[in-house]
Amino acid sequence: MKSKALQPLRDFVKELTGLVDKTDDEAILLQGVKPLLQTLIADDAWLPASCAQAHPQFYRQYLLHCDPLERFSVVSFVWGMGQKTPIHDHTVWGLVGVLRGAELCQSYEADDMGLMRPLGDPHRLERGQIEAVSPRIGDVHTVANAMLEEPSISIHVYGANIGAVERHVFLPAETTTGHATSLKKTFISGYSSSSMPNIWDRSN
């Protein structure tokens, strides 16, 4: 992809870098990053085809950029038809903006027995809509492709190198007394590709 086409992503990275240079306050960053992400997802022409490929079985997580100090990362998530995450957390702040298609999100919270239960009803994120997550405001959810016949793509911004962060999935289990609970299992997601778009090639 030509460098000019990647200009929206390059501008986003520059402005986000400026923000994290000024503060590490989560609330300020979430407020400041949201309008930047809104601008980025207003048009999808900048996303390279290599970072928009669905897999027939698994959702894909393509790294678009990682801050050299790992203060933030930008990722495209590609959801094939019928694909869905397990119940999981993030452990860092994040913003999710839908670039193509739509997503169904369900928040969860633990009850007194440690069982993750739905928090409210599922909600649908349409193209151009943004949702925030963090341990402070709510960090546990599932995400699914809401489109029946086509992939959906969302752009995620996290307050760390999210592919290297120890996070958790919550699996159905039972306590020793037979009560339903959720087993907390650690995972590190990694990424679905070994390269990133070269947003710094300005030779064109």
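For the structure given in this document, a descriptive report is provided here. Every chain is numbered on its own, with residues counted from 1 as its sequence reads. Owing to the predicted nature of the model, reporting of local features is limited to residues with pLDDT of at least 70; listing and counting of side-chain atom pairs is limited to 80 or more, with chain, interface and lining totals taken over all residues. Just so you know, side-chain values use all the structure's heavy atoms and leave hydrogens and water out.

### Some remarks on the environment of Phe-58
The criterion, for reference: Each helix corresponds to a stretch of at least 4 residues labelled H or I by DSSP, and each strand to a stretch of at least 2 residues labelled E; elements are numbered beginning at the N terminus.
With respect to the helices and strands, Phe-58 occurs in the loop between α2 (26-40) and β1 (60-66). Along the chain, Phe-58 and Lys-84 lie 26 residues apart, while their C-alpha atoms are 8.5 Å from each other.

### Comments concerning the environment of His-168
We apply this condition: Remark: exposure states derive from per-residue accessible area (1.4 Å probe, protein chains only) relative to the maximum for the residue type, with buried under 20%, exposed over 50%, and partly exposed in between. By the convention used here, residues are in contact when the closest approach between their heavy atoms is within 4.5 Å.
Tracing the backbone through its elements, the reader meets His-168 in strand β10 (residues 167-174). The class of His-168 is buried, set by a relative accessible area of 15%. Not counting the four nearest positions on each side in its chain, His-168 is found in contact with Ile-87, His-88, Asp-89, Thr-91, Lys-184, Lys-185, Thr-186 and Phe-187.

### Here's the deal with the layout of surface pockets
Keep this limit in mind: Site definitions follow a grid-based scheme: protein atoms alone, a 1 Å grid, a 1.4 Å probe that fits but cannot get out for cavities, and for pockets an open set with protein on both sides within 12 Å along at least five of seven lines, plus lining residues having an atom within 4 Å of a point. Grid points are joined across faces, edges and corners, and a volume is the space filled by probe spheres set on the points. Residues were grouped as follows: Ala, Val, Leu, Ile, Met, Phe, Trp, Tyr, Cys and Pro as nonpolar; Asp, Glu, Lys and Arg as charged; and all remaining residues, including Gly, as polar.
A volume near 280 Å³ is recorded for the largest pocket. The set of elements that each furnish at least two residues to the lining of the largest pocket consists of β1, β2 (73-79), β8 (141-145), β9 (152-158) and β10. Residues belonging to the lining of the largest pocket are distributed by class as follows: ten nonpolar, nine polar and three charged.

### Section: the sheet that holds β2
Going by this rule: By this definition, two strands are paired if DSSP reports at least two bridges between them. Axes here mean lines fitted to C-alpha atoms, for a helix over just the part in contact, with angles spanning 0 to 180 degrees between N-to-C directions.
The five strands lie next to each other as β1-β2-β9-β3-β7, forming an open sheet whose pairing is antiparallel. Here the strands that pair on one side only, and so sit at the sheet edges, are β1 and β7 (130-133). Averaged over all neighbouring strand pairs, the angle between strand axes comes to 25 degrees, with direction disregarded. Strand direction decides the pairing type here: β2 and β9, joined by seven bridges, are antiparallel.

### Some remarks on the pattern of salt bridges
Condition: For this analysis, a salt bridge means a side-chain nitrogen from Lys or Arg found within 4 Å of a carboxyl oxygen belonging to Asp or Glu.
Under the criterion given, the structure shown has seven salt bridges. Among the ionic pairs, Glu-26 bridges to Arg-136, the shortest N-O distance being 2.8 Å. Separated by 110 residues along the polypeptide, Glu-26 in helix α2 and Arg-136 in the loop between β7 and β8 bring together distant segments of the chain. Linking Asp-44 and Arg-100 is a salt bridge whose minimum nitrogen-to-oxygen distance equals 2.8 Å. Of the two residues, Asp-44 sits in the loop between α2 and β1 while Arg-100 sits in strand β3 (residues 94-100), which places them 56 residues apart along the sequence. Take Asp-44: its relative accessible area is 19%, and that puts it in the buried class. For Arg-100, a relative accessible area of 26% puts it in the partly exposed group.

### Section: the pairing of β2
Of all seven residues that make up β2, seven are buried, and the element is covered over most of its length. Residues of β2 alternate between two faces, with Ser-73, Val-75, Phe-77 and Trp-79 on one and Val-74, Ser-76 and Val-78 on the opposite face, all of them buried. Relative to β2, β1 runs antiparallel, the two being bridged by six bridges. Paired with Arg-60 across the strands is Val-78, a residue of β2. Here β1 folds back onto β2, and the loop between the two strands holds six residues, one of which, Glu-70, carries a positive phi near 60 degrees.

### Structural notes on the packing of aromatic side chains
Within a pair of aromatic rings, the relevant descriptors are the distance that separates the centres and the angle that separates the planes. What counts is decided by this rule: Centre distance within 6.5 Å is the pairing criterion for rings of Phe, Tyr and Trp, where only the six-membered ring of Trp is used; planes under 30 degrees apart are then read as stacked, over 60 as edge-to-face, and the remainder as tilted.
One pass over the structure, following the stated rule, counts three aromatic pairs. Geometrically, the ring pair formed by Phe-77 and Trp-79 is stacked, given 5.8 Å between the ring centres and 25 degrees between the ring planes. Judged by its relative accessible area of 1%, Trp-79 falls in the buried class. Ring pairing ties together the aromatic residues Tyr-59, Phe-77 and Trp-79, which thus form one cluster.

### As for the nonpolar core
Here is a general trend for soluble globular proteins: nonpolar side chains tend to be buried in one another's company. Just so we agree on the cut-off: The criterion is simple. A nonpolar core is a set of buried Ala, Val, Leu, Ile, Met, Phe, Trp, Tyr and Cys residues joined through side-chain atoms within 4.5 Å.
Counting 30 residues, the largest nonpolar core has Phe-12, Leu-37, Trp-46, Leu-47, Leu-64 and Ile-155 as the members making the most contacts within it. Among the secondary structure elements, those contributing two or more residues to this core are α1 (7-22), α2, β1, β2, β3 and β9. A total of six residues in this core trace back to one element, the largest contributor, which is α2. Those residues in contact with Leu-37 that sit more than four places away from it in its chain are Phe-12, Leu-95, Val-96, Gly-97, Ile-130, Ile-155 and Val-157. Within the second largest apolar cluster, 14 residues are counted, among which are Trp-79, Val-98, Cys-105 and Val-165.

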